[in-house]
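Results of the structural survey
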Amino acid sequence: MGRETSRAVMGQFSGGCYLSFATLVLLGSQVPATLARGARGEALQHGQSGTLPHFLEEPVDAYIVKSNPIKLRCQARPALQIFFKCNGEWVHQSQHMSQEHTDLGTGLKIREVMINVSRQQVEDFHGPEDYWCLCVAWSHLGTSKSRKATVRIAYLRKNFEQDPQGTEVPLNGMIVLHCRPPEGVPVAEVEWLKNEEPLSSDGIIDTRGDHNLIVSEARLSDSGNYTCVASNIVAKRRSATATVVVYVNGGWSSWTDWSPCNVRCGRGVQKRSRTCTNPAPLNGGAFCEGMSVQKSTCNTLCPVDGGWGEWSEWSLCSSDCERQRSRECTAPEPKHGGRLCDGVALATDNCTGGLCTQSVENSSDVALYSGLAAGVVTVVLLIIAVTLYRRSQSEYGVDVIDSSALTGGFQSFSFKTSRQANPLLINSSMQPDLTVSRTYTSPMCFQDSIDKELMAERSLLDPLPDLKVKGVAERAEYHVMSHPQTFPRGLAPDYRGVAVGTTLGRRSKNLFTPQVSLTPSRPLHKATAVFGHAGGRLVVPNTGISLLVPHGGIAEDTTWEMYMIINQEDSSTLSEDGPEIFLSPAVTYGPPGLDLSCPIALTIAHCGEVDAGNWTIRLKRQMQDNKWEEVMSVDEESASCYCLLEAQRCHVLLEHPGRYALVGEPLNQEVAKRLRLAVFGSPDTSNSLGFTLRVYCVDDTPHAFQEVAVGERSRGGRLLEEPKVMLFRGNTFSLQVSIQDVPQLLWSIKPFTTCQEFSFSQVWASNQRPLQCAFSLERYSHSSSQLSCKISVRQVKGEEQILQVYTSVVENEKGVVPFFTQSDCTITSQTGSRAFKIPLSIRQRISATFDTANAKGKDWQLLAQKLHIDRNLCYFACQESPSSVILSLWEAQHQDSGDLDSLASALEEIGKVQSPTTTTHGCSREEQDSEFTQLG
């Protein structure tokens with residue numbers, strides 16, 4: 001048996017050599033003796049049968065991440081024992097974890113062994129090569145060695161060996177961004193990000209093996225921020241961001257046609273032009289070189305006026321006893337647009353001295369008299385027909401409205417001066433006259449020149465009849481001046497209890513005394529007027545705020561000096577922790593002791609996006625303790641107040657003076673309010689090369705924007721782009737304002753100012769100050785007179801708006817956008833019938849008709865339904881004249897458009913409603929129904 005053992009075949013190592021089992025026994029100093037004896041005994045037991053060990057799993061290269069040890073694993077068949085050998089030394093038996101099982105198919109033993117290698121073991125090894133391990137497996141025929149597995153400590157340096165650098169390239173140029181990642185084990189993999197998104201290779205972008213990014217033909221969409229990202233199993237590193245700008249140099253368009261010569265006769269100038277729009281410079285591209293206008297001299301042939309030549313000889317006398325002669329316009333002929341000859345070219349004359357006459361006069365006289373008689377008869381019949389028609393129209397009952405008043409009498413007022421009476425007072429007895437007219441199209445902006453024009457035209461209109469009003473014979477009063485101390489029934493002025501100032505709650509004994517506390521930088525917007533029994537309208541110009549006092553609301557022989565004041569409130573005054581915010585300015589009207597017999601209509605502009613139903617909107621009133629108390633919720637029913645909410649404004653019917661405002665409570669994060677964005681610009685007074693852009697983000701109400709416009713006028717600012725509206729969501733994300741596409745070769749901007757940010761609370765809840773950010777730019781030379789750039793205003797995870805700026809910094813008036821679409825208003829009030837769209841007589845007839853209920857339901861509720869004012873009807877039911885209050889609300893709704901079609905259509909629909917035959921006010925219901933059908 002010993003000889004057989006000594007003759008054992010050499011076992012093959014995986015490295016190409018064999019070890020005999022006897023040789024393994026000789027390794028007593030390295031392999032435990034018990035292992036050798038056990039192996040020999042088992043080999044003797046199996047005899048000569050079997051094979052050398054075959055590795056089913058060999059150790060693989062591994063990396064130690066941080067301080068986590070790694071496991072090396074070996075599996076062989078058949079194997080009596082497996083041991084690891086690391087860096088030429090056997091691993092101690094106690095460090096091995098082994099398990100064994102038998103292959104059911106072959107009956108051979110399969111042994112699996114694992115060891116742990118720690119970071120400390122690798123760091124303590126100092127050799128010419130990396131730390132390595134292999135495993136040795138043996139059977140009764142010999143031993144086999146596995147492959148060597150290296151163990152390395154993984155790492156990744158922090159700094160890139162080469163960061164990509166920003167660049168500017170022309171359109172279709174080549175973009176090359178270099179990136180050399182940090183040193184690391186294993187070697188780091190590289191990917192590119194564009195604007196924080198992984199860069200997709202679409203066949204145009206080439207990321208080569210040296211990690212460089214190459215774009216062979218740059219597109220505008222390739223502009224952006226590029227980042228090189230290196231990563232391995234240890235960490236991920238980001239390079240510095242490289243900004244790539246793909247710019248477009250400006251190109252000239254084609255020349256326009258030559259303009260006509262600027263003189264009609266002789267030597268002049270004509271010109272043609274071109275624009276730098278083919279393409280327009282973009283992203284800082286160069287402006288076009290050369291002239292945009294070409295001029296050329298031109299010669300225009302002077303016009304020659306025609307002149308008559310000599311008369312020809314008289315012709316022979318004809319049978320009609322006439323002779324003729326002619327002349328031609330040839331001395332000279334008219335040329336080059338000259339005038340034709342004046343006069344006749346053919347002259348006739350009686351050639352018998354009047355002795356020769358024709359006998360046709362009798363027949364001509366008969367035809368003349370016949371025509372005159374027919375004309376007279378026609379005129380008489382027309383007068384009779386018109387008279388009968390007017391009588392039939394004037395005999396309507398009180399529930400019939402003349403549709404001609406809705407289509408004509410409502411549209412405009414026409415005035416003539418009175419010869420005998422005061423030219424500023426319109427007499428109720430005057431008849432309609434259409435000779436001179438003046439149309440009021442917008443009650444929100446009254447024209448203040450009418451009184452002056454009436455007085456100036458008096459001398460021209462003296463021969464005309466008395467001053468008349470077109471459409472309706474109603475008295476209208478023009479208050480040229482009202483005494484400031486006009487109060488009802490001898491009452492003394494009392495403004496106590498009305499809070500005035502920058503915050504609600506500051507008391508003042510007299511509203512109009514200098515003691516009122518106001519912030520100097522924020523002008524107080526107010527309007528005052530004296531109103532009487534005829535009522536009127538009070539407006540704070542350019543703010544979207546107005547107040548309508550109905551006719552008859554003030555008692556006869558009584559006048560009230562009324563006022564309106566607007567303040568922009570901070571939402572922090574509502575509650576300390578509550579979610580409510582102001583959606584409108586706070587509006588105060590008074591005086592406090594105002595006594596009216598019917599509610600006034602107050603119109604307030606707001607900035608809430610109400611269409612989506614994400615708000616709970618309430619009307620609140622400030623009390624004397626400065627706290628805001630809820631008057632009503634817009635969605636609820638109330639008998640004390642009425643709110644009609646529209647997309648951009650709210651109409652409120654009120655009976656008690658005070659300070660009111662619309663507030664909103666968000667229901668979810670989809671809630672939004674409207675912001676108006678505007679960019680102004682002005683030269684820097686301290687730097688001749690400087691120019692400042694100021695961007696405003698304010699609530700989308702006329703009042704908020706007017707404050708910005710007034711402030712910009714005082715500093716000489718110019719509106720550089722039409723204001724835009726943006727929805728700002730209540731999702732707690734901030735608002736970012738950035739300037740883009742500044743021509744970097746022509747302009748510089750202060751560092752770290754290209755992007756500015758407002759916190760969510762600044763935009764959402766603070767209404768008292770307009771949000772403003774400024775960008776200070778400086779041109780490199782005085783020759784750079786043009787500035788083009790973009791202002792991006794975006795909410796993080798929200799909407800974005802772009803304001804495009806293209807202006808001249810030299811010519812102050814070039815490209816200036818007007819502050820308002822209409823001229824600024826200075827007149828704040830209208831009194832009498834001119835303040836209303838519906839004439840008084842028609843208003844009274846409508847009220848008398850619909851205030852009385854009837855069997856078919858033709859009452860004020862039907863009127864409200866047809867006018868789409870059919871919510872919260874309990875409020876109107878509590879009024880003395882529901883129809884009159886409904887018409888006041890309709891007046892407030894349509895104060896801008898002046899369109900009476902909706903009212904005429906509603907009355908026409910009501911007139912078509914069928915009802916039983918009943919008699920009211922002297923006429924049958926059937927007759928009234930037929931008359932209603934004529935209202936439209």
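As a reminder, the structure under discussion sits directly above these lines.
Keep in mind that this is a model prediction, so the values were computed, not measured.

Here is what the cut-offs are and how they apply
Residues numbered from 1 in each chain as written. Predicted model: local features only at pLDDT ≥ 70, side-chain atom pairs only at ≥ 80, totals over all residues. Heavy atoms only, no water. Helix = DSSP H or I, 4+ residues; strand = E, 2+ residues; numbered from the N terminus. Buried < 20%, exposed > 50% of the residue type's maximum accessible area, 1.4 Å probe, protein only. Contact = heavy atoms within 4.5 Å. Areas by Shrake-Rupley, 256 points an atom, 1.4 Å probe, with all protein chains shown as cover. Pairing = 2+ DSSP bridges. Axes fitted to C-alpha atoms, helices over the stretch in contact; angles between N-to-C directions. Salt bridge = Lys/Arg side-chain N within 4 Å of Asp/Glu carboxyl O. Disulfide = S-S within 2.5 Å. Parallel < 35°, antiparallel > 145°, perpendicular 65-115°, else oblique. Nonpolar A, V, L, I, M, F, W, Y, C, P; charged D, E, K, R; others polar. 1 Å grid on protein atoms, 1.4 Å probe; cavity = no way out; pocket = protein on both sides within 12 Å on 5 of 7 lines; lining within 4 Å. Points joined across faces, edges and corners; volume = space filled by probe spheres on them. Core = buried A, V, L, I, M, F, W, Y, C linked by side-chain atoms within 4.5 Å. Expected span 1.5 Å × (residues − 1). Phe/Tyr/Trp six-rings, centres within 6.5 Å; stacked < 30°, edge-to-face > 60°. Lys NZ or Arg CZ within 6 Å of the ring centre and 35° of its normal.

**Some thoughts on the overall build of the protein**
Tallying secondary structure elements over the protein gives 16 helices and 52 strands in all. Every one of the 936 residues in the protein was classed for burial, and the buried ones make up 44%. Across the protein, the fraction of contacts at a sequence separation of at least 24, relative to all contacts at a separation of at least 6, is 70%. For the protein, the exposed surface amounts to about 48100 Å²; the carbon and sulfur share of it is 50%.

**Points about the sheet that holds strand β3 (residues 54-57)**
Across the sheet, which stays open at both edges, the four strands sit in the order β3-β5-β9-β8 with antiparallel pairing between neighbours. In this open sheet, the two edge strands, each paired with only one partner strand, are β3 and β8 (97-102). If you compare each strand with its neighbour and ignore which way they point, the axes differ by 25 degrees on average.

**Details of unusual backbone geometry**
Of note, the amide linkage connecting Ala 331 to Pro 332 takes the cis form, showing an omega dihedral of 0 degrees. With respect to the helices, strands and loops of the structure, Pro 332 is situated in the loop between β26 (322-326) and β27 (346-350). Cis geometry marks the peptide bond from Gly 590 to Pro 591, where omega comes out at 20 degrees. With respect to the helices and strands, Pro 591 occurs in the loop between β33 (586-590) and β34 (600-605). Of note, the phi angle at Glu 196 is positive, near 70 degrees, even though the residue is not glycine. A positive phi angle, close to 60 degrees, is found at Asn 542, a residue other than glycine. Positionally, Asn 542 belongs in the loop between β29 (536-540) and β30 (545-549).

**Brief notes about the pattern of salt bridges**
Scanning the entire structure with this criterion turns up 25 salt bridges. The partner of Arg 73 in a salt bridge is Glu 112, with the nearest N and O atoms 2.9 Å apart. Separated by 39 residues along the polypeptide, Arg 73 in strand β5 (residues 70-77) and Glu 112 in strand β9 (residues 109-117) bring together distant segments of the chain. Since its relative accessible area comes to 30%, Arg 73 is described here as partly exposed. The closest approach of N and O atoms between Arg 649 and Glu 646, which form a salt bridge, is 3.2 Å.

**Considering the state of the cysteines**
By the definition in use, this model includes eight disulfides. A sulfur-sulfur separation of 1.9 Å characterises the disulfide bridge that pairs Cys 261 with Cys 298. Torsion about the S-S bond of the Cys 261 and Cys 298 cystine: about 80 degrees, corresponding to right-handed handedness. With Cys 261 in the loop between β23 (242-247) and β24 (266-273) and Cys 298 in strand β25 (residues 293-300), the pair connects residues that are 37 residues apart, well separated along the chain. Shown here is the disulfide that connects Cys 329 with Cys 341, its sulfur atoms set 1.8 Å apart. With the S-S bond torsion at 75 degrees, the cross-link from Cys 329 to Cys 341 turns out right-handed. Separated by twelve residues along the polypeptide, Cys 329 in the loop between β26 and β27 and Cys 341 in the loop between β26 and β27 bring together distant segments of the chain. For Cys 329, a relative accessible area of 19% puts it in the buried group. A relative accessible area of 15% places Cys 341 in the buried class.

**Digging into the packing of helix α11 (residues 840-850) against helix α14 (residues 882-893)**
Between α11 and α14, the least distance of the axes is 8 Å, while the angle of their chain directions is 135 degrees. By the angle between their axes, α11 is oblique relative to α14. For the pair α11 and α14, the contacting residues are Arg 843, Ile 846, Ser 847 and Phe 850 in the first and Ser 883, Ser 884, Leu 887, Ser 888 and Glu 891 in the second. For the contact of α11 with α14, the residue count by class is three nonpolar, four polar and two charged.

**Focus on the layout of surface pockets**
If you add up the space inside the largest pocket, you get close to 1000 Å³. As for the largest pocket, its lining consists of 31 residues, and the residues nearest its centre are Asn 225, Thr 243, Ile 739, Gln 740 and Asp 741. Among the secondary structure elements, those contributing two or more residues to the lining of the largest pocket are β21 (224-231), β23, β44 (735-740), β45 (747-749), β48 (786-795) and β49 (800-808). Residue contributions to the lining of the largest pocket peak at five residues, all from β44. Taken together, the residues of the lining of the largest pocket break down into ten nonpolar, 15 polar and six charged.

**A closer look at the nonpolar core**
Ranked by size, the top nonpolar core spans 66 residues in total, and within it Leu 693 and Ile 791 carry the most contacts. The contacts of Leu 693, once residues within four sequence positions are left out, are Val 679, Phe 680, Gly 681, Leu 720, Ile 739, Cys 773, Ala 774, Phe 775, Leu 777, Leu 787, Cys 789 and Ile 791. Leu 653, Tyr 875, Leu 887 and Leu 907 belong to the second largest nonpolar core, which has 30 residues in total.

**Notes on α14**
Spanning twelve residues, α14 covers 17 Å between terminal C-alpha atoms, matching the ideal 16 Å at 1.5 Å per step. Within α14, twelve of the twelve residues are buried, which leaves it mostly tucked inside the rest of the structure. For α14, the complete set of buried residues consists of Pro 882, Ser 883, Ser 884, Val 885, Ile 886, Leu 887, Ser 888, Leu 889, Trp 890, Glu 891, Ala 892 and Gln 893.

**Here's the deal with the packing of aromatic side chains**
One pair of aromatic rings is described through two measures. These are the centre distance and the angle between the planes. Using the criterion set out here, one finds 13 aromatic pairs in the structure. Ring geometry for Trp 615 and Trp 764: centres 5.6 Å apart, planes at 10 degrees, overall stacked. Taken together, the residues Trp 615 in strand β35 (residues 615-622) and Trp 764 in helix α10 (residues 760-764) connect sequence positions 149 residues apart. The same class applies to Trp 615 and to Trp 764, which are both buried. Taking 5.7 Å as the distance between ring centres and 80 degrees as the angle between the ring planes, the aromatic pair formed by Tyr 875 and Phe 876 counts as edge-to-face. Grouping residues by exposure puts Tyr 875 and Phe 876 together as buried. Pairwise contacts between aromatic rings join Trp 615, Phe 728, Phe 760 and Trp 764 into one cluster. Geometry around Trp 311 places Arg 325 over its ring, the cationic atom sitting 4.4 Å from the centre. Seen from the ring of Tyr 642, Arg 871 lies directly overhead, with NZ or CZ sitting 5.6 Å from the centre.

**Some details on the sheet that holds β48**
A sheet is described by the order of its strands in space; here four strands give the open sequence β46-β44-β48-β49, paired in antiparallel fashion. Both outer strands of the open sheet, β46 (755-758) and β49, are each paired with one neighbouring strand and no more. Taken pair by pair, the neighbouring strands of this sheet meet at an average axis angle of 15 degrees, ignoring direction. Here β44 runs beside β46; their pairing, made up of four bridges, is antiparallel. Bridge assignment links Ser 738 to a residue of β46, and that residue is Cys 755.

Taken by themselves, the reported measurements are silent on function.
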